[in-house]
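Here's the letter readout for the chains.
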Amino acid sequence: MRLIKRFVALTLSCVMLTGCTLTERLGSADSSQTDDIVQNENLANYFGLTYYAGENINPVSVKTDMNRVLVDALYEGMIYLDDNFKPQPMLCENWEGDGTTFRFYIKQGVTFWSGEPLTASDVVYTLKTAKRNTESIYNTRMADVESIYADGENTVVVTLGSANVNFPSLMDIPIFKEGSEDLTFSDGTGAYKPVQENGVWHLEPYENWHGGKVSEFDRIDLVNTTRSDAVQHSFETGDISLMRTERIGTDSVTVSGSVDIYKLPTTDMHFLGFANNIEPFNIPAVRQAISLAIDRQGICSTQLQSFAEPAVLPVNPQPEGQSTSVDRTAAIETLAASVVADSNNDGILEYQSVNGRLTSFTTRILVNSENPFKVAAANQIAASLTAIGIKTSVEEVTFEEYQTRVLSGDFEMYYGEIRMTPDFDLRSLIMTGGALNYGRYSNAQTDQLVIDARADEANKTQLYTHFLAEMPIIPVAFAKDQVVVRSNLIKGFSPSPNWIFHGVGGWRKN
């Protein structure tokens, strides 16, 4: 679960970076240069990016979020993802596959900064590195891969242990030159290359870039950043010109001053989870009714501050024609059809338990108290459910307690969040025994439909219809990240979800 990974990463960062300074220009140890730095950085043509020099820059192995934008400037994947999370060619011309075996054909004429040509061997080496490195952010994408090999100089063959027609969406893993991972910067193919001058690193356009000529921004300065909480400060002082952050996370960033903000779609899903093995959440109609009562659009526009899109299905974007609107009348009718009604007119619905007794429908939503956006969203959901007769309260607990209770199944409902892979794999989330199936949901038909939809795109409609009837979890929204750029710096800036430097060849100075 994304929260768990984030907790571990944050803990490690705090241990490693305690006592470090905030930011400094690389190679500038003299504090007397500070005024000159700020003055230079406020020049119209200045472009600076954050750089944590405490690790070698290898696109598959970097551990800190501080270097992620830098990776986007330097490296490219076989594909990139458009705003609908559909794969588009980047380092490969095209691909073909039957769901279990895929062939990727490498674009001709691509060279690394070293001048060496990109070959299938380099791609295979990168993908195998991601598969064996359990700490890589790309490791889970390789979980189903059984073999990766080069078929000649320009063809990469990948075979899977189980069918996945959407596997190409996972192939935006940035490629580096085989054997270059011990360099300060692994050899890449991107529009910019690292250059060291008098012991100081900066970026310059790669003159032989396959995407064409980068005619403007002929220098990007790298600003040594040793603490993640310093990035915002460095941006506001002019040291850093561009950054990508969560807007509705626990450590959300709101930037003041004159900036341009771009909202990027993500695979980061907010959802409501259930203890599916307790009454009355073991009744699909009850879960359906709860879904119908949620005002997703209201949550997105207010509590999530327009940095989210409503979702009723666990895929982004939602299928064409799929409604995410609230329908409280339908919710009440659905509950009544499953014999959940207010029999004593006290304003609270009752359901008949397995022992035959009428039981008031009261429940709680467990939420991480450290994320104010989730707390606000959970409270709005609770109010919506209370309005239809399900008396609902919100239980706010620390992240540590939240994590412990979700993992142990100690909840009735919980407000969850997960960063899904770009193929929107549901196996771990809702299949029987899934690693993230904390609600213990189990349905043989659901299991089979998930597998069938991965094998054939045509089966997704049936899966989605079944999902809406079962509602093993309730998707609420997909979050949006924010990319913040110094105002009027770049004309033609068009970042894609996982590649900030998309369209860099067309960037112009404002």
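Because the structure is a prediction, the values reported are computed rather than measured.

**Focus on the overall build of the protein chain**
Turning to step 1, where the next piece is worked out: What the protein chain contains, in helices and strands, is 13 helices and 23 strands.
Turning to step 2, where the next piece is worked out: The principal-axis extents of the C-alpha atoms in the protein chain amount to approximately 80 × 55 × 40 Å.
Turning to step 3, where the next piece is worked out: The proportion of buried residues among the 510 residues of the protein chain is 54%.
Turning to step 4, where the next piece is worked out: Sequence-distant contacts in the protein chain: of pairs separated by 6 or more residues, those separated by 24 or more amount to 68%.
Turning to step 5, where the next piece is worked out: Of the roughly 21400 Å² of accessible surface on the protein chain, a fraction of 48% belongs to carbon and sulfur atoms.

**Overview of the sheet that holds strand β15 (residues 340–341)**
Adjacent strands of a sheet form backbone hydrogen bonds with each other and so pair up, either parallel or antiparallel.
Turning to step 1, where the next piece is worked out: The three strands are arranged β15-β16-β17 in an open sheet whose pairing can be described as antiparallel. Only two strands of the sheet have a single neighbouring strand rather than two, namely β15 and β17 (358–360).
Turning to step 2, where the next piece is worked out: Taken together, the three bridges between strand β16 (residues 350–352) and β17 define a ladder with antiparallel strand orientation. When the sheet's bridge partners are listed, tyrosine 351 is paired in β17 with threonine 359.

**Some details on the packing of helix α12 (residues 444–455) against helix α13 (residues 460–470)**
Turning to step 1, where the next piece is worked out: Two numbers describe how α12 lies on α13: the axes approach to 9 Å, and their chain directions differ by 150 degrees. As summarised for this structure, α12 and α13 are arranged roughly antiparallel, according to the angle between their axes. Classified by chirality, the crossing of α13 by α12 is left-handed. In contact with Gln445, Thr446, Leu449, Val450 and Ala453 of α12, α13 contributes Lys460, Gln462, Leu463, His466 and Glu470.
Turning to step 2, where the next piece is worked out: Its residues assigned to classes, the contact of α12 with α13 shows four nonpolar, four polar and two charged.

**Describing the sheet that holds strand β7 (residues 145–150)**
Turning to step 1, where the next piece is worked out: One open sheet accounts for four strands, arranged β5-β6-β8-β7; its pairing is antiparallel. Among the strands making up the open sheet, the edge pair consists of β5 (92–97) and β7. On average, each strand axis in the sheet is tilted by 15 degrees relative to the strand beside it, whichever way the strands run.
Turning to step 2, where the next piece is worked out: Bridge analysis of β7 against strand β8 (residues 155–160) gives five bridges, and the strand direction is antiparallel. Its bridge partner lying in β8, tyrosine 149 is registered against valine 157.
Turning to step 3, where the next piece is worked out: Across the sheet, helix α4 (residues 120–132) is in contact with β6 (101–106), β7 and β8; its angle to β7 comes to roughly 155 degrees.

**Considering the confidence of the model for the protein chain**
Turning to step 1, where the next piece is worked out: In the predicted model, the protein chain carries a mean pLDDT of 90, and the fraction of residues at 70 or more is 91%.
Turning to step 2, where the next piece is worked out: In this model, residues 1–42 is a region of pLDDT below 50 whose contacts with residues beyond four sequence positions or in other chains number 70 contacts.

**Description of the pattern of salt bridges**
Turning to step 1, where the next piece is worked out: Throughout the structure, instances matching the rule amount to 25 salt bridges.
Turning to step 2, where the next piece is worked out: Residue arginine 405 is joined to glutamate 401 by a salt bridge in which the shortest nitrogen-to-oxygen separation is 3.4 Å. One end of the pair, arginine 405, and the other, glutamate 401, are both in helix α10 (residues 399–408), four residues apart, so they sit about a helical turn from each other.
Turning to step 3, where the next piece is worked out: Three or more residues joined by partner-sharing salt bridges are found here, namely Asp144, Asp423, Asp425, Arg427 and Arg454.

Rules behind the numbers
- Residues numbered from 1 in each chain as written.
- Predicted model: local features only at pLDDT ≥ 70, side-chain atom pairs only at ≥ 80, totals over all residues.
- Heavy atoms only, no water.
- Helix = DSSP H or I, 4+ residues; strand = E, 2+ residues; numbered from the N terminus.
- Buried < 20%, exposed > 50% of the residue type's maximum accessible area, 1.4 Å probe, protein only.
- Contact = heavy atoms within 4.5 Å.
- Areas by Shrake-Rupley, 256 points an atom, 1.4 Å probe, with all protein chains shown as cover.
- Pairing = 2+ DSSP bridges.
- Axes fitted to C-alpha atoms, helices over the stretch in contact; angles between N-to-C directions.
- Parallel < 35°, antiparallel > 145°, perpendicular 65-115°, else oblique.
- Left-handed = near helix turned anticlockwise from the far one by under 90°.
- Nonpolar A, V, L, I, M, F, W, Y, C, P; charged D, E, K, R; others polar.
- pLDDT = per-residue confidence, 0-100.
- Salt bridge = Lys/Arg side-chain N within 4 Å of Asp/Glu carboxyl O.

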